[in-house]
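# Notes for the structure review
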Amino acid sequence: LVVGDRLYASEFRRDRVLVAATARAARGASNGWTVFADRGTHCRETKRGVSCGRLDGAWGLAAHPRRGLLFVSSFGSDEILAFSLDKGKFRYALTGDL
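Now for a quick tour of the structure. (Residues numbered from 1 in each chain as written. Predicted model: local features only at pLDDT ≥ 70, side-chain atom pairs only at ≥ 80, totals over all residues. Heavy atoms only, no water.)

## Digging into the sheet that holds strand S7 (residues 58-64)
With respect to topology, 4 strands assemble into an open sheet ordered S7-S8-S9-S10, the strand pairing being antiparallel. The open sheet terminates on both sides in strands that have one partner only, identified here as S7 and strand S10 (90-94). Each neighbouring strand pair of the sheet contributes to a mean axis angle of 25°, computed without reference to strand direction. Relative to strand S8 (residues 69-74), S7 runs antiparallel, the two being bridged by 5 bridges. From the neighbouring strand, Ala 58 faces S8, where its bridge partner is Ser 74. (Pairing = 2+ DSSP bridges. Helix = DSSP H or I, 4+ residues; strand = E, 2+ residues; numbered from the N terminus. Axes fitted to C-alpha atoms, helices over the stretch in contact; angles between N-to-C directions.)

## Here we look at the state of the cysteines
Disulfides are covalent bonds that link the sulfur atoms of two cysteine residues. Applying the stated criterion to the full structure yields 1 disulfide. One disulfide in the model links Cys 43 with Cys 52; its S-S distance is 2.0 Å. Across the S-S bond linking Cys 43 and Cys 52, the dihedral sits near 110°, which makes this disulfide right-handed. By relative accessible area, which is 44% here, Cys 43 ends up partly exposed. (Disulfide = S-S within 2.5 Å. Buried < 20%, exposed > 50% of the residue type's maximum accessible area, 1.4 Å probe, protein only.)

So this is what it looks like as structure tokens:
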């Protein structure tokens, strides 16, 4: 998924999301990828308490650039986790039956 000057990729078996600058990714630089979001539980303290989500089998990616969010679907936890595009910080998780 390309958002601005960044390329995001999900790694299902490693339960993580990678990011690279598009110029580096286009040149195929092997050291251009860094971990954006890793497996496991991600939490954030809010005014209402603690909000958590679990990344287990990163599957699909979607972005909302105006809100600065990257959405990652988690196959194993049946959640969609939202991370900030700029720093990769966990924001919230969408859960439940749709």
